[in-house]
Amino acid sequence: MTHHPGTPSAPRVEGVLFDLDDTLLDLRTAQLAAFTATVRRQWPQAPDVGSRRFDDAAHHFAADVAGHYQRYVAGETDFTGQRLARARDALTQLGAPEALAVPRPELWTDAYEAEVRSHWALFEDVAPTLEALRRRGVAVGIITNNVEAYQRGKADTIGLTDVRVLVGSDTAGAPKPDPAPFLEACRRLDLAPAQVACVGDSLTHDVRGAAAAGLVPVWLRRGLPDAGRPVWEPEAAAWQVAGLGALTAWWDADLASREEMG
Ligand SMILES: [Mg+2]
C-alpha cells in the first residue's frame, strides 16, 4: 500500500457514531416512493415517473434544495410547515395548475407520513457492519438532526433497537454541524472525541461538524467505487468510504499489525 505524504495513518478508534437519514436508513428511496404516491393523489395528471420533469421535482423535494428542512432544524418553521413548503415547490415545478399547486395538508402530512414509514428500510450493509463492529468491541451510536424521540422511534422501527446511544438535535441543544450533538454523543459513549469516528453522507453537517468537534470524520459516498477500507480524501480533509463495510478494515489492519509485531 502506498503511503502518500500528508495521509494520516489509520486512527485508533473505539467508537463509531452514525448519521441516521441517508446513512443507515435509505430515506431517499422511501421519500421518493411517498412523494410519487402523494403527487398522484393530489394531482392524478402529474407528469410520469421517469420523465425529466418528475425526476427533477422529486430530487428537489428529497434533497431539500430550497432549504425548507434546514429552516425547520434551525427552529424557523415547524415540521408541517417545511413539508408543505417543499410540496408546494415540487407541485409548481411539476407544472401543476395554480389551484392544484397548493398542497392539500391531509395528503402531505398524515398520509405522506404513513407512506414514507411503510418504505423505511436500512441499507443492506448496516446490519452486517454493526454486527462486525460489535464483535470487535467497538461502541456505536447515532447523531441525527431531528427530534430525538421521533428518530428513536424510527430507529427502533427499522431494527436499530440495540443502538442505545441516539442524540437528536433537540436534546443536544443544537443541530449538526454545531459541536454540541457530537460532544453529547461522545459523552454518552464514555469516549473522548478523538477516539470516535463519525460517519455521514453530509459533508457540511456530518463531516465538517465532526472534524470541528475533534472526532475522526468519515464521509459516506454511496455509489463511488469501493476501496474496501477508508481512504483519506485531502480535499475534504476526511476519510471517505463508499459503503459501511469498509469501516471494519481499520480494526482488521490494527489486528494484523499487532499480530505481525507478535
Ligand atoms: Mg444524512
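A quick note: this is a predicted structure, and the numbers were derived from the prediction, not measured. (Residues numbered from 1 in each chain as written. Predicted model: local features only at pLDDT ≥ 70, side-chain atom pairs only at ≥ 80, totals over all residues.)

Student: Quick question: what am I supposed to make of the packing of helix α2 (residues 52-63) against helix α4 (residues 79-94) here?
Tutor: Between two packed helices, what matters for the description is the angle formed by their axes and the separation of those axes. Contact pair α2 / α4: the axes reach a minimum separation of 9 Å and the direction vectors enclose 165°. By the angle between their axes, α2 is roughly antiparallel relative to α4. Like other packed secondary-structure pairs, α2 and α4 cross with a definite hand, here right-handed. Note on element contacts: α4 touches α2 through Arg86, Asp89, Ala90, Gln93 and Leu94, opposite Arg53, Phe54, Asp56, Ala57, His60 and Phe61. (Axes fitted to C-alpha atoms, helices over the stretch in contact; angles between N-to-C directions. Helix = DSSP H or I, 4+ residues; strand = E, 2+ residues; numbered from the N terminus. Parallel < 35°, antiparallel > 145°, perpendicular 65-115°, else oblique. Left-handed = near helix turned anticlockwise from the far one by under 90°. Contact = placed C-beta atoms within 7 Å.)

Student: Please clarify how the environment of valine 140 should be interpreted in this entry.
Tutor: Mapping valine 140 onto the fold places it in strand β2 (residues 139-144). Valine 140 gets classed as buried once you count the C-beta atoms within 10 Å, which come to 20. Separated by 57 residues in sequence, valine 140 and alanine 197 place their C-alpha atoms 9.5 Å apart. (Buried ≥ 20, exposed ≤ 12 C-beta atoms within 10 Å, placed from the backbone.)

Student: When you look at the nonpolar core in this model, what are you seeing that I'm missing?
Tutor: Within soluble globular proteins, side chains that are nonpolar generally end up buried alongside one another. If you look at the biggest cluster of nonpolar residues, it comprises 41 residues, and the most contacted ones within it are Val16, Val196, Ala197, Cys198 and Val218. Residue contacts for valine 218: discarding those within four places in its chain leaves Ala197, Cys198, Val199, Pro230, Ala238, Trp239 and Val241. Membership of the second largest hydrophobic core comes to 16 residues, among which are Ala58, Phe61, Leu91 and Tyr112. (Core = buried A, V, L, I, M, F, W, Y, C linked by C-beta atoms within 7 Å.)

Student: I'm lost on helix α9 (residues 179-189) in this one. Help?
Tutor: Helical geometry note: an α-helix holds 3.6 residues per turn, so side chains three or four residues apart project in the same direction. Among all positions in α9, only Pro181, Phe182, Glu184, Ala185, Cys186 and Leu189 are buried. At its buried positions, α9 is contacted by β1 (15-18), β2, β3 (165-168), α8 (169-172), β4 (196-200) and α10 (203-212). Taken from the residues just after α9, aspartate 190 is the one with a positive phi, measuring 60°.

Student: So what exactly am I meant to see when it comes to the sheet that holds strand β6 (residues 231-233) here?
Tutor: Two orientations exist for strands paired in a sheet by backbone hydrogen bonds: parallel and antiparallel. Spatial strand order, β3-β2-β1-β4-β5-β7-β6: seven strands in an open sheet with mixed pairing. This sheet does not close on itself; its edge strands, each paired only once, are β3 and β6. Ignoring strand direction, the axes of neighbouring strands in this sheet form an average angle of 30°. (Pairing = 2+ DSSP bridges.)

Student: Looking at this structure, I do not really get the domain arrangement of the protein. What am I missing?
Tutor: Interfaces are often described in size by the accessible area the parts lose on coming together. Here the protein is described as being made up of domain 1 (15-25 + 121-261) and domain 2 (27-118). A C-alpha centroid distance of 29 Å is found between domain 1 and domain 2. (Domains from an automatic or database assignment.)

Student: Looking at this structure, I do not really get the pairing of β4. What am I missing?
Tutor: The side chains of a regular strand alternate, first on one face of the sheet and then on the other. Across the five residues that make up β4, a large majority, five, are buried. Neither face of β4 is left uncovered, since the one carrying Val196, Cys198 and Gly200 and the one carrying Ala197 and Val199 both have all their residues buried. Across four bridges, the pairing between β1 and β4 is parallel. Its bridge partner being in β4, phenylalanine 18 is matched across the sheet by valine 199. One ladder, built from four bridges, connects β4 with strand β5 (residues 216-220); its direction is parallel. Across the sheet, residue valine 199 finds its bridge partner in β5, namely valine 218. For the crossover from β4 across α10 to β5, the handedness is right-handed. (Right-handed = clockwise from strand over helix to strand, strands pointing away.)

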